[in-house]
Amino acid sequence: MKRLLNILISSVTTIFLLLILMFAMGAATFIEEKYDTITAQHVVYHALWFEMIFFLLILNLFGHIIKFKMYRRNKWTGLLFHIAFMVIIIGAGITRYLGFEGSMHIREGQETNLIYSQEPYLNISISDHDQKVICDRPFSISSFTGNSL
């Protein structure tokens, strides 16, 4: 267990994780160019392995803070640097899971409460004489997905 922890918080692991991120984001750029943005999001940005890299990077940075005793007064600059990266990654995660992408068009001098979502939704409303069934779920059309209901 201790050996695994030492591997997780090593500087080599930090470089390795950052290299994986660099190549994954580069590959996502080429995927987006060849197919579309939705496909790049499915394959890279919204993939579990991509999120796990960020999780491992946070553990790695936290391990560096403890291992190199960055909480001491003479190492506060390194501590601030590591904490800043951790806050950025955690903030991105909060935004990813609790936020949504969209656009709101507001004309000068007007008010609106309408937001156009970036994520496509399939809205189906079926009415019978006394019942109404509504289906509202995210639906993604890309060359990567099967596009089946």
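Our subject is the structure that appears above.
The structure contained in this document is the topic of the report that follows. Computed from a predicted structure; not experimentally measured.

Procedures and definitions
Within each chain, residue numbers correspond to sequence positions counted from 1 in written order. In keeping with the predicted nature of the model, local features appear solely for residues at pLDDT of at least 70, side-chain atom pairs appear and are counted solely at 80 or more, and the whole-chain, interface and lining totals rest on all residues. Only heavy atoms go into the side-chain values, all of them from the structure, while hydrogens and water stay out. In summary, the pairing rule links any two rings of Phe, Tyr or Trp, Trp by its six-membered ring, whose centres are within 6.5 Å, and it sorts them by plane angle into stacked for under 30 degrees, edge-to-face for over 60 and tilted for everything else. The buried label goes to any residue with under 20% of its type's maximum accessible area, the exposed label to any with over 50%, and the partly exposed label to all in between, with areas taken from a 1.4 Å probe on protein chains only. Lines fitted to C-alpha atoms define the axes, with helix axes restricted to the stretch in contact, and inter-axis angles between N-to-C directions lie between 0 and 180 degrees. The helix count covers DSSP runs of H or I at least four residues long, the strand count covers runs of E at least two residues long, and both are numbered beginning at the N terminus. Just so you know how the angles are binned, under 35 degrees is roughly parallel, over 145 roughly antiparallel, 65 to 115 roughly perpendicular, and the rest oblique. A clockwise turn of the near helix away from the far one marks a right-handed crossing, whereas an anticlockwise turn of less than a right angle marks a left-handed crossing. A contact between two residues is defined here by any heavy atoms of the two lying within 4.5 Å. For this classification, Asp, Glu, Lys and Arg are treated as charged, while Ala, Val, Leu, Ile, Met, Phe, Trp, Tyr, Cys and Pro are nonpolar and the rest, including Gly, are polar.

**So, the packing of aromatic side chains**
Enumeration over the complete set of coordinates arrives at 4 aromatic pairs. Aromatic side chains Trp49 and Phe50 sit 5.9 Å apart centroid to centroid with 85° between the ring planes, which places their arrangement in the edge-to-face category. Trp49 sits in the partly exposed class, given a relative accessible area of 40%. For Phe50, a relative accessible area of 6% puts it in the buried group.

**Describing the packing of helix 4 (residues 48-67) against helix 5 (residues 76-98)**
Between helix 4 and helix 5, the shortest axis-to-axis distance is 10 Å and the interhelical angle comes to 155°. Taken as axis vectors, helix 4 and helix 5 run roughly antiparallel relative to one another. The way helix 4 lies across helix 5 gives a crossing that is left-handed. Each of Glu51, Phe54, Leu57, Ile58, Leu61, Phe62, His64 and Ile65 in helix 4 lies in contact with helix 5, whose residues at this interface are Leu79, His82, Ile83, Phe85, Met86, Ile89, Ile90, Arg96 and Tyr97. Among the residues making up the contact of helix 4 with helix 5, the classes are represented as 13 nonpolar, 2 polar and 2 charged.

All we've got here are geometric facts, nothing functional implied.
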